[in-house]
Structure formats: structure tokens, C-alpha cells
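Working through the structure, step by step
For reference, the chains in residue letters:
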Amino acid sequence: MSHEFSFPGRQHDEHVVIVLHRHWFIFVKNVLMLLLLAVIPVAAGYLWIQATNVQLLAGSFGHTAVVMSLTLYYLFLWILIYGFWLDFYLDVFVITNKRIVDIEQAGLFGRTVAEERLYRIQDVTSDTQGILATTLQYGNVYVQTAGKTERFIFEHVAHPEHVARTILELTDKIADRVEGGTDDGTAVPPKKSSV
Amino acid sequence: MIEFPAIWLRYVFFFLGGFLLLLALLYLQNGLRHGSRMSLTVMASGFFVAGLVAILWMSFTLLNQVDWSSTFSLTLPTFRLIRFGS
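Residues numbered from 1 in each chain as written. Chains lettered and ligands numbered in written order. Predicted model: local features only at pLDDT ≥ 70, side-chain atom pairs only at ≥ 80, totals over all residues. Heavy atoms only, no water.

The next subject is the packing of aromatic side chains. All names here are of chain A. Evaluation of the coordinates by the stated rule reveals 17 aromatic pairs over all chains. With centroids separated by 6.2 Å and ring planes inclined at 85 degrees, the aromatic side chains of Trp24 and Phe25 adopt a geometry described as edge-to-face. Looking at Trp24, the relative accessible area reads 49%, which means it is partly exposed. On the basis of relative accessibility, which here comes to 14%, the residue Phe25 falls in the buried class. Members of the aromatic cluster, connected to one another through ring pairs, are Phe27, Trp85, Phe88 and Tyr89. (Phe/Tyr/Trp six-rings, centres within 6.5 Å; stacked < 30°, edge-to-face > 60°. Buried < 20%, exposed > 50% of the residue type's maximum accessible area, 1.4 Å probe, protein only.)

Structure representation (C-alpha cells):
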């Protein structure tokens, strides 16, 4: 049994062609930064105890203050990691046989869902900048649509050239159908892929 | 040297910890509302809650030995460069 990705406003005759999240490296980079922040107080405390020979007796003010501070600090870091995860995983770019949908989670209370019909797409560009992006094969895809100055930007997605090519193939199919006079605003989806 | 009841420190800790737990709850609610149909979000949320419980459990275990009815005394450092009065 196949399970197709569902998103708000999906139509019954709409087929999902590609579901894109940001590249995993973006999330890992944030987590590594937080891990570094998690190690700093432990390392600093160890060095301080070695240098001053101070002993923190259980139940003393020093011990209590250190435990409470570290608890609050690690709670904060843990919440940040979960926030990064949500930001990574709930930001979704969906390409269907009818349209492209960009779902962006912005912090706790912000969520943007932007969509555009495939037949309105005029230009698709992909770019990969930097050593890491080139090595790990991630980059941005820019989709220019008719009548709008604003572009759709799929940021830090894996295999941007493949994504751009797939969008162009879908728009070409719609254009062919329009020329053939059988247009219903949908493209016959190519082989389903996930990148 | 200043002296203050130990329970004051506990109140401050509960206030700040409560604020962070409220924030965690908001994140959790937000994550599950938008990602409840995504299995990875549910798993990550479970892992997140387990982490919260682990941090709090360790904290309360370590703070178990504190006598909250006592007072803490704190020796302030002497400021050699700044002197008030004569």
C-alpha cells in the first residue's frame, strides 16, 4: 500500500511528484553548534575545578546554584534542538502535477503556505554555492512565476538541478497539453522520486 | 556576606524552569499540530519529552540533598578597585 504525502489544501486528483525538505546537513550543522554550546560549561567547570581545587559539597549554595544553572541551560538547549528539528522538518516544498507548494514554519507562531500553479511558471533556476554545498549536493532552486516579482525559493534542498529539471518537465507537459487543446491544468507526473 | 533562605533559590528556579517548560509545551503543541501525520515528528516529539524528563529527573535527584528550610550564605568578592565611602 502506497502512502502519498498529504498537505493542506491537497486536491483529490492531485499527485505529489516530489516532497522536499532542507538538506540534512543544515539541521546537523545547527545541532553540532548546540553540542559545542553544551560541552562548553562542562569543560569550563572542569578546568576551573582543576585550577582552583574548589570542592562543591552536595547541598551547599555553590552546588545548588551550579545544578540549577546547568539544568536551565540544558533545558534551553534541548528546546532549541527541538525547535531546529521542527524548523527543518516542517518546512516542506511540495511539487505536484498541478502546482508547487512552499510551506514555511517561521518560529512558534508563524506559518506561511504559498502555492503557484505550474502553468504560471516561467523560469526555473538552480544554484549551488560553496565547497560543502557542492560536495553534499545541495543548493537553492528559484522559481519565477508570471505576473509576480517575487520568486519561489526552495532553499538548501538536495539535488537542486534534478528538482529544477523536474519542474521544467512538468511545465513542458502542461504546455504540450495546452497546445494539443486537452489542457485541464494538470501534468502527467513523471516517475515519482524523492530527493 | 549576605544570607538568604534557600527556598528563595528554589522559587527562582521554579519560575525560570516553569517558563522554559511552558515554552517546551508550546513547541510540542506546535510540532504535533502541523506534523502529527509525519511519523518522524511524532518520534522526535517523544524523544524530546524523554529528554525533558531525563534533565528534570537528574536535576531533582541532585537537588534532593538540599535542606530547603535552611539559609544560604554567600560571600561577595571584595572590590579592591572600587571603594564606597572612605
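The next thing to look at is the interface of chain B and chain A. Many authors give the size of an interface as the accessible area that is lost as the parts come together. Contact residues are listed per partner, giving 36 residues for chain B and 31 residues for chain A. For the pair chain B and chain A, the two sides together bury roughly 3200 Å², of which 82% comes from carbon and sulfur. Across the chain B-chain A interface, the total number found is zero salt bridges. Our count for the chain B to chain A interface comes out at four residue pairs in polar contact (both at pLDDT 80 or more). Ranked by the residues each element gives to the side of chain B that touches chain A, the list is headed by helix 1 (residues 6–35) of chain B, at 15 residues. The residue inventory of the side of chain B that touches chain A, partitioned by class, reads 24 nonpolar, 10 polar and two charged. (Contact = heavy atoms within 4.5 Å. Buried area = accessible area lost by both parts, 1.4 Å probe. Salt bridge = Lys/Arg side-chain N within 4 Å of Asp/Glu carboxyl O. Polar contact = N/O pair within 3.5 Å; in protein donor to acceptor, adjacent residues only side chain to side chain. Helix = DSSP H or I, 4+ residues; strand = E, 2+ residues; numbered from the N terminus. Nonpolar A, V, L, I, M, F, W, Y, C, P; charged D, E, K, R; others polar.)

Attention now moves to helix 1 (residues 24–52) of chain A. Residue and element names in this part refer to chain A. The end-to-end C-alpha distance of helix 1, which contains 29 residues, comes to 42 Å, matching closely the 42 Å that a straight helix rising 1.5 Å per residue would cover. Among the residues of helix 1, Phe25, Ile26, Phe27, Val31, Leu34 and Ala38 are the ones counted as buried. Two residues or fewer after helix 1 comes Asn53, characterised by a positive phi angle close to 60 degrees. (Expected span 1.5 Å × (residues − 1).)

Another aspect to go through is the sheet that holds strand 5 (residues 121–127) of chain A. All names here are of chain A. Here we have three strands laid out as an open sheet, ordered 5-6-7, and antiparallel in their pairing. The open sheet has two edge strands, strand 5 and strand 7 (151–158), and neither has a second partner. Going from strand to strand, the sheet's axes swing by 15 degrees on average, the running direction of each strand aside. For strand 6 (residues 138–145) and strand 7, the ladder comprises six bridges, and the chain directions are antiparallel. By the bridge assignment, Tyr138 is partnered in strand 7 with Ala158. (Pairing = 2+ DSSP bridges. Axes fitted to C-alpha atoms, helices over the stretch in contact; angles between N-to-C directions.)

This part is about the pairing of strand 4 (residues 110–117) of chain A. All names here are of chain A. As paired elements, strand 3 (residues 99–106) and strand 4 share eight bridges and run antiparallel to each other. Bridged to Ile103 within strand 4 is Val113. In this antiparallel pair of consecutive strands, strand 3 and strand 4, the connection spans three residues, and Gly107 shows a positive phi of 70 degrees.

The first and last C-alpha atoms of helix 1 of chain B sit 43 Å apart over 30 residues, in line with the 44 Å expected at 1.5 Å per residue. Buried within helix 1 of chain B we find Ala6(B), Leu9(B), Phe13(B), Gly17(B), Leu20(B), Ala24(B), Tyr27(B), Leu28(B), Asn30(B), Gly31(B) and Gly35(B).

The next point concerns the confidence of the model for chain A. On average, residues of chain A carry a pLDDT of 84, and 87% of them reach 70 or more. Within chain A, the element-level pLDDT minimum falls on strand 4 of chain A, averaging 85, and the maximum on helix 3 (residues 131–136) of chain A, averaging 93. (pLDDT = per-residue confidence, 0-100.)

Turning our eyes to something else, we now look at the pattern of salt bridges. Where charged atoms from two side chains of opposite charge come close, those side chains can pair. Residues and elements named next belong to chain A. For the structure on display, the rule yields seven salt bridges over all chains. As a salt-bridge pair, Asp91 and Arg22 come within 2.5 Å of each other at their nearest N and O atoms. Here Arg22 lies in the loop between strand 1 (16–20) and helix 1 and Asp91 lies in the loop between helix 2 (61–90) and strand 2 (92–96), a separation of 69 residues in the sequence. Side by side, Asp91 and Arg22 carry an identical accessibility label, which is buried.

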